[in-house]
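Here is what each chain is made of, one letter per residue.
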Amino acid sequence: MSRFQDVQFLISAAAPEQFPADAGAEVAFAGRSNAGKSSAINAIAQRQGLARTSKTPGRTRLLNFFALGSGWRLVDLPGYGYASGAAAERKTWPALIEALGERESLRGWFVIVDARRGLTEGDERLFEWVRPGQRLHVLLAKADKLNRSEASAALRQAATTLAGRGTAQLFSAHSGTGVHEAQETLSAWLGSGG
Ligand code: GDP
């Protein structure tokens, strides 16, 4: 059974004025392009193709809001890290991300990273937008590509880099590793009083 009922695409926002009303609870999903964010969102929300909406040409640089039911939302951020998008990112990102970070309903940030690559400078820059009281959770995605010792090393390295700022877990949309754990974390954040 799906834990998140009636998952629906809400809106692609190019400006803060287009964000849905700041009520209920939401969690932002961010990550370097190709880290496995769309696959992670689809696995967690148990809706294949959901995050494909965010990959539709014209929507890739926008903030895509999805309703998970019960006044809960998931916000899919544009993938970052490609040089070609850097200039555009520098222009539009700060205003959009800052406005998102200021929302009362934003409980926290899921940051998706390729487990083989680990946390990068781009991820670190994103952490600067995490406000006090908001939580941070890192999904070390594509964990199926790692053997046991590489997986432990990736977890240790993430914990060292995070230095208490957030938590991290292994995740694989392909094998299903960590999907339940991620759902539990997401539900706990959304269900908390804020
Ligand atoms: P996004 O750009 O961050 O949204 O990444 P996608 O979800 O589109 O995935 C990028 C690439 O990584 C695709 O080729 C996926 O098939 C692959 N990928 C995504 N998740 C996994 C996973 O759990 N395991 C493996 N091995 N590959 C994955």
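Our structure's up above, just so we're on the same page.
Residues numbered from 1 in each chain as written. Predicted model: local features only at pLDDT ≥ 70, side-chain atom pairs only at ≥ 80, totals over all residues. Heavy atoms only, no water.

### Regarding the overall build of the chain
For the chain, the helix and strand inventory stands at five helices and seven strands. Secondary structure elements in the chain, listed N-terminal to C-terminal, are β-β-α-β-β-α-β-α-β-α-β-α. The buried share of the chain, reckoned over its 194 residues, is 49%. The contacts of the chain with a sequence gap of at least 6 include a subset with a gap of at least 24, amounting to 75%. Total accessible area on the chain stands at roughly 9,400 Å², and carbon and sulfur atoms take up 50% of it. (Helix = DSSP H or I, 4+ residues; strand = E, 2+ residues; numbered from the N terminus. Buried < 20%, exposed > 50% of the residue type's maximum accessible area, 1.4 Å probe, protein only. Contact = heavy atoms within 4.5 Å. Areas by Shrake-Rupley, 256 points an atom, 1.4 Å probe, with all protein chains shown as cover.)

### A few points about the site of the ligand
Neighbouring residues of the ligand: 15 residues in total, closest Lys-37, Ser-38, Ser-39, Lys-55 and Asp-144. Separating an oxygen atom of the ligand from a backbone N or O atom of Ala-35 is a distance of 3.2 Å. A distance of 2.7 Å separates an oxygen atom of the ligand from a polar atom in the backbone of Lys-37. Notes on the ligand: free accessible area 580 Å², of which the protein chains cover 76%. Looking at side-chain class alone, the shell around the ligand contains two nonpolar, seven polar and six charged residues. (Near = heavy atom within 4 Å. Polar contact = N/O pair within 3.5 Å; in protein donor to acceptor, adjacent residues only side chain to side chain. Nonpolar A, V, L, I, M, F, W, Y, C, P; charged D, E, K, R; others polar.)

### As for the sheet that holds strand E7 (residues 167–170)
Strands sit in the order E1-E3-E4-E2-E5-E6-E7 across an open sheet of seven strands; the sheet is mixed. The two strands at the open ends of the sheet, each matched to only one other strand, are strand E1 (8–13) and E7. Geometrically, the sheet is characterised by an average inter-axis angle of 25° between neighbouring strands, direction not taken into account. Note: E1 against strand E3 (residues 63–69), five bridges, orientation antiparallel. Its bridge partner being in E3, Ser-12 is matched across the sheet by Asn-64. In the packing of helix H1 (residues 37–45) onto the sheet, contacts are made with strand E2 (25–31), strand E4 (72–76), strand E5 (106–114) and strand E6 (135–141), and the angle to E2 comes to roughly 145°. Relative to the sheet, helix H4 (residues 148–162) contacts E6 and E7, its axis offset from that of E7 by approximately 165°. (Pairing = 2+ DSSP bridges. Axes fitted to C-alpha atoms, helices over the stretch in contact; angles between N-to-C directions.)

### Here we look at the side chain of Glu-26
Structurally, Glu-26 can be placed in strand E2. A relative accessible area of 0% means that Glu-26 is categorised as buried.

### Overview of the pairing of E4
Of all five residues that make up E4, four are buried, and the element is covered over most of its length. Note that E2 and E4 share five bridges and pair parallel. Paired with Ala-25 across the bridge in E4 is Trp-72. When E3 meets E4, the two strands line up antiparallel, connected through five bridges. Bridged to Phe-65 within E4 is Val-75.

### Describing the nonpolar core
Within the largest apolar cluster, 30 residues are counted, with the highest numbers of intra-cluster contacts made by Leu-63, Leu-77, Leu-100 and Trp-109. Among the elements of the structure, E2, E3, helix H2 (83–101), E5, helix H3 (121–127), E6 and H4 are those that each provide at least two residues to this core. Take this core: its biggest share by element is five residues, from H2. Counting residues in hydrophobic clusters, the runner-up holds 26 residues, among them Leu-50, Ala-51, Phe-66 and Phe-110. (Core = buried A, V, L, I, M, F, W, Y, C linked by side-chain atoms within 4.5 Å.)

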